[in-house]
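# Geometric and topological summary
The chain contents come next:
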Amino acid sequence: MCGYGKAVRDAKVMVMFKAYFDDSCGDERSKTLLLAGCVQKYSVWANFSMSWEAGLAESPRIRYFHMREARKLEGEFAGWKAKDRDAKIRLLAEIAASYNPWTITAWISRTEHTAILKPIAPFMLQQPYFDLFYAVILKLAEWHYEDGVTMPVDYVFDEQGVVGVEAAIWYEHMKAWQKPEIAALMGSTPKFENDKIVLPLQAADMLAWHLRREKDYPQENSSKWPTAPVVGLLHAEVH
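These lines cover the structure that appears in this document, whether it is placed above or below. In this text, all values refer to a predicted model and were calculated from it rather than measured experimentally.

## What about a nonpolar patch on the surface?
Together, V165, I169, W170 and W177 make up an exposed nonpolar region whose accessible area comes to about 450 Å². Tracing the chain through its elements places I169 in helix 7 (residues 162–169).

And the structure:
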C-alpha cells in the first residue's frame, strides 16, 4: 500500500478485499485436484498475519506452516510426535477461523480430466489448474455481486511456476468477456507469491487440504481432524 496517497490507502485498507488461494492434490491415490481460498478485507488480513505469526512462534516453534510437511512429519515438523503436530495444526486452524474469512473452492477429478478433456483440449486447457484458477475467480466475483459487495478483489495464489504464469496470461481476456457488473469486481491481474513468506497462503493451504481430503476420503469423520475449525465458515464451491 506504500505507493498510494493516504486517502486512497485508507479506503483500500478498510473496504477492499484480498483473496489468497492454494491447491491440494494429495498423493497418487487421490483423484481430486482442488483449489481453495480465503477472502477478507485488507485490514483483517493485517491483523490475521500478526496472530498467525504468533501461533507459529508458540512452542514448539515452526518458521512456516505447510500441510504436506505436517502430515509427513518432515521439514518444519521433522522429529515431532503426531499429537504435538495435531495440536499445532488445531491452534493455527482456530486462529484462521477466528478472522471469519469467506472460503471458496473449486475442484476437478484428475481421472475424468485426463480421460475426457486432455486428449482433445488445446494446449492451455490440458492443465486442470487453468479450469480451477478461473472457476474460483469468476465464482467469487459472482458471489460478491449477489451479496451486494461493491469493491473489487485482489487475488494472490501460491507459486505455480510456468502453469501459473500461463493461466494468468488470459486474465484480462477473461475479465473482458464477463458482464460489466462482474468484471468490476475482479481486481488487478492475480499475483503468485511464496507461501513460506505470505502467511494467509498458509491458511489457504490448510483449507485446501481439508476440503480435498473430505472428497477423496468421504468415509472418514472430518470433524475430528485438527483442521476442522477452518470449515463451517461462509463458503462457496464449484465442481
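## Remarks on the packing of aromatic side chains
Taken as a whole and judged by the stated rule, the model has 18 aromatic pairs. When the centroid spacing of 5.1 Å and the interplanar angle of 85 degrees are considered together, the rings of Y20 and W45 count as edge-to-face. Residue Y20 is located in strand 1 (residues 17–24), and its partner W45 is located in helix 2 (residues 42–57); the two are separated by 25 residues in the primary sequence. By the burial criterion, Y20 is buried, and W45 matches it. For the pair F48 and W52, a centre-to-centre distance of 5.4 Å together with 35 degrees between the ring planes defines the contact as tilted.

## Here's the deal with the environment of D147
As for its position among the elements, D147 is in helix 6 (residues 128–147). With a relative accessible area of 52%, D147 lands in the exposed category. Spatially, the C-alpha atoms of D147 and H235 are 13 Å apart, while their sequence positions differ by 88 residues.

## Some details on helix 4 (residues 82–98)
The end-to-end C-alpha distance of helix 4, which contains 17 residues, comes to 24 Å, matching closely the 24 Å that a straight helix rising 1.5 Å per residue would cover. Residues R85, K88, I89, L92, A93, I95, A96 and A97 constitute the buried set of helix 4. Contacts made by the buried residues of helix 4 are with helix 2, helix 3 (67–72) and helix 10 (199–216).

Procedures and definitions
Residues numbered from 1 in each chain as written. Predicted model: local features only at pLDDT ≥ 70, side-chain atom pairs only at ≥ 80, totals over all residues. Heavy atoms only, no water. Patch = residues over 30% accessible without salt bridge, like charges linked within 9 Å, V, L, I, M, F, W, Y side chains within 5 Å. Areas by Shrake-Rupley, 256 points an atom, 1.4 Å probe, with all protein chains shown as cover. Salt bridge = Lys/Arg side-chain N within 4 Å of Asp/Glu carboxyl O. Helix = DSSP H or I, 4+ residues; strand = E, 2+ residues; numbered from the N terminus. Phe/Tyr/Trp six-rings, centres within 6.5 Å; stacked < 30°, edge-to-face > 60°. Buried < 20%, exposed > 50% of the residue type's maximum accessible area, 1.4 Å probe, protein only. Expected span 1.5 Å × (residues − 1). Contact = heavy atoms within 4.5 Å.

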